[in-house]
Amino acid sequence: MRSAETEVADFAVDCPEGAVGVRSVTMDPGVVRPGSFTVGVDASGDTARWAPTVTQPE
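As a starting point, this report considers the structure included with it. (Residues numbered from 1 in each chain as written. Predicted model: local features only at pLDDT ≥ 70, side-chain atom pairs only at ≥ 80, totals over all residues. Heavy atoms only, no water.)

Before going further, it helps to examine the side chain of Ser3. Along the polypeptide, Ser3 turns up in strand 1 (residues 2–3). According to the relative accessible area criterion, Ser3 is buried, its value standing at 5%. Look past the residues within four positions of Ser3 in its chain and what remains in contact with it is Val8, Val31, Val32, Arg33, Ser36 and Phe37. (Helix = DSSP H or I, 4+ residues; strand = E, 2+ residues; numbered from the N terminus. Buried < 20%, exposed > 50% of the residue type's maximum accessible area, 1.4 Å probe, protein only. Contact = heavy atoms within 4.5 Å.)

Glancing now at a nonpolar patch on the surface. Together, Val39, Val41, Trp50 and Val54 give the surface a local cluster of nonpolar side chains, amounting to about 360 Å² of exposed area. Its location among the elements puts Val39 in the segment after strand 2 (6–7). (Patch = residues over 30% accessible without salt bridge, like charges linked within 9 Å, V, L, I, M, F, W, Y side chains within 5 Å. Areas by Shrake-Rupley, 256 points an atom, 1.4 Å probe, with all protein chains shown as cover. Salt bridge = Lys/Arg side-chain N within 4 Å of Asp/Glu carboxyl O.)

In this fold, Gly40 is placed in the segment after strand 2. On the basis of relative accessibility, which here comes to 66%, the residue Gly40 falls in the exposed class. For the pair formed by Gly40 and Val25, sequence separation is 15 residues and the distance between their alpha carbons is 14 Å.

Moving on, we come to the environment of Thr6. With respect to the helices, strands and loops of the structure, Thr6 is situated in strand 2. The partly exposed category is assigned to Thr6, whose relative accessible area is 44%. Separated by 26 residues in the primary sequence, Thr6 and Val32 place their C-alpha atoms 9.6 Å from one another.

All right, on to the layout of surface pockets then. Volume-wise, the largest pocket comes out at about 1,700 Å³. Taken together, 46 residues make up the lining of the largest pocket; nearest its centre are Phe11, Val13, Arg23, Pro52 and Thr53. When its residues are assigned to classes, the lining of the largest pocket shows 26 nonpolar, twelve polar and eight charged. (1 Å grid on protein atoms, 1.4 Å probe; cavity = no way out; pocket = protein on both sides within 12 Å on 5 of 7 lines; lining within 4 Å. Points joined across faces, edges and corners; volume = space filled by probe spheres on them. Nonpolar A, V, L, I, M, F, W, Y, C, P; charged D, E, K, R; others polar.)

So, on to the environment of Thr53. Along the polypeptide, Thr53 turns up in the segment after strand 2. Between the C-alpha atom of Thr53 and that of Gly30, which follows or precedes it by 23 residues, the distance is 19 Å.

What follows concerns unusual backbone geometry. Not every positive phi belongs to a glycine, and Ala4 is a case in point at roughly 50 degrees. Structurally, Ala4 can be placed in the loop between strand 1 and strand 2.

Next comes the structure, spelled out in C-alpha cells:
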C-alpha cells in the first residue's frame, strides 16, 4: 500500500491451492491521507482470486 509515493504497508498472505488466506493490517490515523492511497496485488498464479478490502474511517 502506498500513500503520497511512500510505501506505508507491505505484507504477504499465504494461500495454498484450494484454501482461503486472510490477513489484515491496521495503521495509525494519519499514516494515509484520506482518499490518497494505492493498493497493489501480486498473485502467485493466473488462477489465484483475490479481493482486497480497505476500510477508512471518517
